[in-house]
Amino acid sequence: MRASMCVLTLLLTANALRTPSLRMSVADPQRRRLFQGAAALITFRAYEAPAASKTTRILQETFAKPQTDSKSYRLVELASGVRCLLVQDPRAEKCAAALDVHVGHMSDPIDRPGLAHFCEHMLFLGNDKYPGEDEFEQYISRVGGSSNAFTDTEDTCYFFELPDPAKVGSALERWGPFFSAPRFAQDATRREVEAIDSEHSKNLKSDGFRLFQLTKSRFPSTHPFSKFGTGTRKTLRPPNGDGDPPVDKLREFYGTNYVGSNMACVVCSTQSLDVLQKLTENALVDVRSTTERRPPSTLYFDEEPLPKDSDAYVLASLQSQRELSVQWVLPYDRSDPDSAFADRIQKRYFRDDLFLSHILGHEGPDSILADLRRRGLATGLGAGSGEDTDQFRTFDVSVQLTQKGLKEWRSVLATIRGAALGLQTAEWPSNCFEETARMARLGFQWGETPDVANLATALAGKLQVVGWGASEDLRDLLALDRTPRDASTDERRRAVSELLREMNTNVPLVTVVAPQDELQVAAKGAKKVEPIYKTPYFAEKLSEKVTSSQIKFPPVNPYIPDTDPKPKYAKKAKPTLKDFGPPTKLLDDGFGKLWFKEDRIFGVPRAAVLVLLRTEATGSRSAADAIHARIWTRLAADALRDADYQREFDSYDASLAGLEWTLGAGPRGVQLSFGGYDAKLPELAEAVVSAVKGFDAVQYALKNDNLERVLDGTRRDIRAARAAPASSRCIEELGVLTERPKFPLIEAENALKKTNVESLRKWLTENANVFGSVAATDVLVEGNCDETYARRIEKSVRSGLSGGSTIPAEPSVLQVPLSTKVPIRYAAKPSASDEVNYAAIYSYQTGSGSDVRAATLVLSSVLEAPFYEALRTKRQLGYVVQAASRYREGVSSMVFLAQSAKDDDVCRGPSDLVRYIDEFLDTEAPQLLDKLDAAQLADIVDGLARRLDELPKALGGAVAPHWDEIVSRRYDWDRRAREAAALRKLSVGDVRDLFYLSLARTGASRRPILVVADRGKPSSSMRTDAIPDAAAWASKLESWGSA
Ligand SMILES: [Zn+2]
């Protein structure tokens, strides 16, 4: 149950920008803005950093690390008490830093909910050294980086990354004052409360946030976990949202909590550890120091972290999930804060939860899930650690229910609780511990190194947990949460049985969510409403009586390698662009192509296999085809993972041994992918390919309720997409207007209504059982393997295929007509939705080719930050505001997106949003372009080109671009290099030309299109240029390239 992703990431996938992975945090990462370089018309005040303190202490220089990790680490404590992990990676092409302050919304003052989160926002709005609002972000965007922050229950984490490691010092210098001298200016404070308010209104319709708050509400109101963390205008400016902005409260909160001993910082770059240490000392020299660490949790340590009731909560899900969640609250040692702290470290390293989740979450033939599936109650089950705070953690089990399972959720719950009780006294076979520990250790040893930015954020969080522990805790920092500490099987047995004893002592928190129209069958009990999100729910007393059930443990897993895997070639110290060249074509006989590349770069014992079977059957022609293909792949994936259906291979055992496979279908055909440790990968690939080919979908669909279960899942997916926020619906509709093939959700929904066993049979017959219609195959094998290995897999892929109809046409982008008038499309509002947000997205296609792509990227960098500042920071229109470049199937465009819930003189609806976007493009954008000079352009180009030149850091990253070229049949292996070259020769005039030709009102190559999603009926003035039928409009357009 993660907080939902920001919609903007949808827009930006083509730009290869980083989406920070975030822990569940109450404030969905605010400021999630993904920069790729932007204008910064500011002058920097140089300031002399004070001399570094001499009292920095080195705490640890040796760390347990994976074989593949060539980085150096040093943990120091600065004079102010900040613990800082310095990471030198000579191979890094980027630098990054993260600073985690150990204070979150659990420390909000009772009368100011949201203050910690608000404080996080305010740090971006100026400090004594750099007083300008958004000044840090303007710098970061100018040099092509990105920065962000999030507020969690007990932590607030700030982070940035830059494409040029040489700039780490100047970025740190501008970032450091966040942590010592924020301004909290009165007018900025007043305005930014509005950003918080729109952030909350955006979250109102998110199940992640609603459910999180509902869980919090089960704690006594005296326990800080019960607090509401996002904040609103009302909570921050009481009593009615018009009181004074909380400047004094901010200063007080900041003064108490933003002290050195609460801060854990990570800095990663190419410089030596000595240099990094000096830069960090200088940047953080003014952080207020305190003599001893006193985490805020010590203040509420005496509050028992126990829920106030033992009711099950049953409620409607807005995103169509149907799920039972069981959550056990497990306090750490309650003697005193120090013991709790030690207990937390010990348990995080020991991973008792890992072994328990292995058994409870198992999917083999004798597992709990298999039992629930046989009874027709569940489709999936997950188990593992949930919340983790200084004072307590939770262990969570979630079950994806069928409709029958929803009706009988009490019986599903009895099974889960009975299993937990039964396990407590069961004799655990030793292979459960040994296999799990071994695979975790291999995963750590051969793990691929994350991107520096993700690394910095993840390590800052870990450092905050164990960085004040004993020396051995510091040494194992990198292994935390990745591999359990060495221990004997008996020790593990004891720890797990202790965990189960604790779980079975308390009644768990139970929550059932289901689509609104199904709620009736599941709910009884008292009707209540959670006050913050106004979530209605039913509370039902849970039975205290649990009947223990017998658990069958999984047998020995045959896929676990007998010996430790080894790569044929060691990791290459300094790979160059040449090493990442295209794969070799081993075979091409007109029907099948085989591409192969041996890994000589990463030095990991892994391989990747990608297969595309080109057929028109799976969605290039109609929504009905696409839906049938989707149902067919879901049935196949389901059957192949169902031990009761086939026993030739065990997918789940394979996945536990690090071998994964996927099956999908799209407009190009059927795609299969395999990845993992190379030794047993060909066997798995052969077994899966042959099973998919032999799969009898009709027979499987007729069995039990298999078809209904799959239809139901698909129905709910489509329903969730249709109920998405206004901005997402705008993006979806833009796709319908400008991409081919792309079918409106409503068509998919209608096609789904007509799908049944008969239509499936007909579709399979018409398409020669899918495989008979395959017109060509592509296979790519890369990794720790040889040619024989690749040929063997290719042979099994094409066996039995004879060459079917025609190869489907490539998906393409449609050319919006040249026009001075803007065609407008109203995205349909989902029925019965009470969505308060409305949105508008403007798109301007700029064309195809490297030169256009380069100029569009730069233009987006110039406009991005000022657009955000104009519409969000200054006018506070809403939380979602973005200007970005977009790249699809070789075609570039610039898009401007805004979503708002405002209903006042500033903004009343989409027409106002459109007016503000127009105003920005008519006045501010030309001014920015006038001011663009060669020096600023050079900065932007440098940042962008570095991103394009960046070398993949993991096997997957190297394989993906090769596969893209193969499936699109472009074989354009040098695209990125060419774009980087185009960027480097770009002039200021080229960027201005692009704007005046393609975006400005009078532009001769202007191809604008506008999509709005209204909260009500569109105003009449906007109806003039409306596109009444999106699909009909799109059908008249030519594709780019074919025009
Ligand atoms: Zn926020």
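Residues numbered from 1 in each chain as written. Predicted model: local features only at pLDDT ≥ 70, side-chain atom pairs only at ≥ 80, totals over all residues. Heavy atoms only, no water.

1. Quick notes on the pairing of strand E9 (residues 323-331)
- Counted residue by residue, E9 has 9 buried out of 9 residues, so it is predominantly covered.
- Because side chains alternate across E9, one face comprises the buried residues Glu323, Ser325, Gln327, Val329 and Pro331, and the other comprises Leu324, Val326, Trp328 and Leu330, equally buried.
- Both E9 and strand E11 (residues 392-401) contribute to a ladder of 9 bridges, which runs antiparallel. Bridge pairing links valine 329 to threonine 394 in E11.
- Relative to strand E12 (residues 509-515), E9 runs antiparallel, the two being bridged by 5 bridges. The residue of E12 that forms the bridge with serine 325 is threonine 511. (Buried < 20%, exposed > 50% of the residue type's maximum accessible area, 1.4 Å probe, protein only. Helix = DSSP H or I, 4+ residues; strand = E, 2+ residues; numbered from the N terminus. Pairing = 2+ DSSP bridges.)

2. Re unusual backbone geometry
- In the segment running from proline 238 into proline 239, the intervening peptide bond is cis, with an omega of 0 degrees.
- Along the polypeptide, proline 239 turns up in the loop between helix H7 (233-236) and helix H8 (247-257).
- A cis amide bond links arginine 740 to the next residue, proline 741, at an omega of -5 degrees.
- For proline 741, the location among the structural elements is in the loop between strand E20 (739-740) and helix H25 (745-753).
- The backbone phi angle of phenylalanine 184 is positive, close to 50 degrees, even though this residue is not glycine.

3. So, the coordination of the zinc ion
- Coordination of the zinc ion by the protein is provided by His117 (NE2), His121 (NE2), Glu199 (OE) and Glu199 (OE), with metal-donor distances spanning 2.0 to 2.7 Å.
- Given 4 donor atoms and angles of 53 to 149 degrees at the metal, the environment of the zinc ion is assigned as irregular.
- Counting along the primary sequence, the residues that act as donors to the zinc ion give the motif H-x3-H-x77-E. Remark: glutamate 199 occurs in helix H5 (residues 186-203) and histidine 117 occurs in helix H2 (residues 115-123); sequence separation between them is 82 residues. Glutamate 199 matches histidine 117 in its accessibility class, with the two residues each being buried. (Donors = N, O, S within 2.8 Å, 3.2 Å for Na, K, Ca; no water. Tetrahedral: all angles 85-135°; square planar, octahedral: opposite > 155°, others 65-115°.)

4. Regarding helix H21 (residues 681-693)
- Over its 13 residues, H21 runs 18 Å from end to end, which matches the ideal 18 Å to within 8%, given 1.5 Å per residue.
- Taken together, the buried positions of H21 are Leu681, Pro682, Leu684, Ala685, Val688, Val689, Ala691 and Val692.
- In the core, the buried residues of H21 are packed alongside strand E17 (606-614), helix H19 (623-640), helix H20 (651-656), strand E18 (659-666), strand E19 (669-677) and helix H27 (787-798). (Expected span 1.5 Å × (residues − 1). Contact = heavy atoms within 4.5 Å.)

5. Regarding the UniProt feature "domain: Coenzyme PQQ synthesis protein F-like C-terminal lobe" (unreviewed entry) in the protein
- Under the local residue numbering, the UniProt record ascribes the feature "domain: Coenzyme PQQ synthesis protein F-like C-terminal lobe" (unreviewed entry) to residues 859-963.
- Annotated as 60% helix and 18% strand, the span residues 859-963 places its first and last C-alpha atoms 29 Å apart. (UniProt positions renumbered as here; feature names shortened; annotations may be inferred.)

6. Some remarks on the UniProt feature "domain: Peptidase M16 N-terminal" (unreviewed entry) in the protein
- When the UniProt feature table is mapped onto this chain numbering, "domain: Peptidase M16 N-terminal" (unreviewed entry) sits at residues 84-217.
- Across residues 84-217 one finds 40% helix and 19% strand; the C-alpha atoms that close the span lie 36 Å apart.

7. Considering the nonpolar core
- Core analysis: the largest hydrophobic core is formed by 82 residues, its most contacted members being Trp632, Leu635, Phe674, Val688 and Val781.
- Counting residues per element, this core draws most heavily on H19, at 8 residues.
- Not counting the four nearest positions on each side in its chain, tryptophan 632 is found in contact with Val670, Val692, Phe695, Ala697, Trp763, Leu764, Val770 and Phe771.
- Ranked by size, the runner-up nonpolar core spans 52 residues in total, among them Leu871, Leu877, Ile940 and Leu994. (Core = buried A, V, L, I, M, F, W, Y, C linked by side-chain atoms within 4.5 Å.)

8. Focus on the packing of aromatic side chains
- This structure, assessed with the given rule, holds 37 aromatic pairs.
- Seen from their ring centres, phenylalanine 212 and phenylalanine 225 are 6.1 Å apart, and the 80 degrees between their planes marks the pair as edge-to-face. Pair noted here: phenylalanine 212 is in helix H6 (residues 207-216) and phenylalanine 225 is in the loop between H6 and H7, with a separation of 13 residues, a long-range link. Taken individually, phenylalanine 212 and phenylalanine 225 each receive the classification buried, so the pair is uniform in this respect.
- Taken together, a centroid distance of 5.3 Å and an interplanar angle of 65 degrees make the contact between phenylalanine 867 and phenylalanine 896 edge-to-face. Remark: phenylalanine 896 occurs in strand E26 (residues 891-900) and phenylalanine 867 occurs in helix H28 (residues 850-874); sequence separation between them is 29 residues. Of the two residues examined, phenylalanine 867 and phenylalanine 896, each falls in the buried class. (Phe/Tyr/Trp six-rings, centres within 6.5 Å; stacked < 30°, edge-to-face > 60°.)

9. Regarding the sheet that holds strand E27 (residues 1008-1013)
- The 5 strands are arranged E23-E27-E24-E26-E25 in an open sheet whose pairing can be described as mixed. Whereas interior strands pair on both sides, the edge strands pair on one side only; in this sheet they are strand E23 (824-826) and strand E25 (880-888). Adjacent strand axes in the sheet meet at a mean angle of 20 degrees when their direction is disregarded.
- In this structure, strand E24 (residues 838-848) lies alongside E26, joined through 10 bridges in antiparallel fashion. Among the inter-strand pairings, alanine 839 is bridged to a residue of E26, identified as glutamine 899.
- Contacts from H28 reach E24, E25 and E26, with the element oriented near 170 degrees to E25. (Axes fitted to C-alpha atoms, helices over the stretch in contact; angles between N-to-C directions.)

10. Considerations on the side chain of glutamine 646
- Residue placement: glutamine 646 occurs in the loop between H19 and H20.
- A distance of 3.0 Å separates the side chain of glutamine 646 from the backbone oxygen of phenylalanine 649, its partner in a polar contact.
- The contact partners of glutamine 646, leaving out residues within four places of it in the chain, are Ala639 and Leu640. (Polar contact = N/O pair within 3.5 Å; in protein donor to acceptor, adjacent residues only side chain to side chain.)

11. Side note on the side chain of aspartate 155
- Topologically, aspartate 155 is positioned in the loop between strand E5 (146-151) and strand E6 (156-162).
- Its relative accessible area of 10% is what places aspartate 155 among the buried residues.
- Of note is the side chain of aspartate 155, whose polar atom sits 3.0 Å from the side chain of histidine 102.

12. With respect to the packing of H19 against helix H23 (residues 706-722)
- Contact pair H19 / H23: the axes reach a minimum separation of 10 Å and the direction vectors enclose 125 degrees. As far as their axial angle goes, H23 and H19 are oblique. As H19 packs across H23, the resulting crossing turns out to be right-handed. Across from Ile627, Arg630, Ile631, Arg634, Leu635 and Asp638 in H19, the residues of H23 making contact are Asn706, Leu707, Arg709, Val710, Leu711, Gly713, Thr714, Asp717 and Ile718.
- Here the contact of H19 with H23 is built from residues that sort into 7 nonpolar, 3 polar and 5 charged. (Parallel < 35°, antiparallel > 145°, perpendicular 65-115°, else oblique. Left-handed = near helix turned anticlockwise from the far one by under 90°. Nonpolar A, V, L, I, M, F, W, Y, C, P; charged D, E, K, R; others polar.)

13. Brief notes about the pattern of salt bridges
- This structure, assessed with the given rule, holds 89 salt bridges.
- Measuring nitrogen to oxygen at the nearest pair gives 3.3 Å for the salt bridge that ties arginine 600 to glutamate 598.
- With a shortest N-O distance of 3.9 Å, glutamate 965 and arginine 975 are connected by a salt bridge. With glutamate 965 in helix H31 (residues 955-967) and arginine 975 in helix H32 (residues 975-984), this residue pair connects regions lying 10 residues apart in the sequence. (Salt bridge = Lys/Arg side-chain N within 4 Å of Asp/Glu carboxyl O.)

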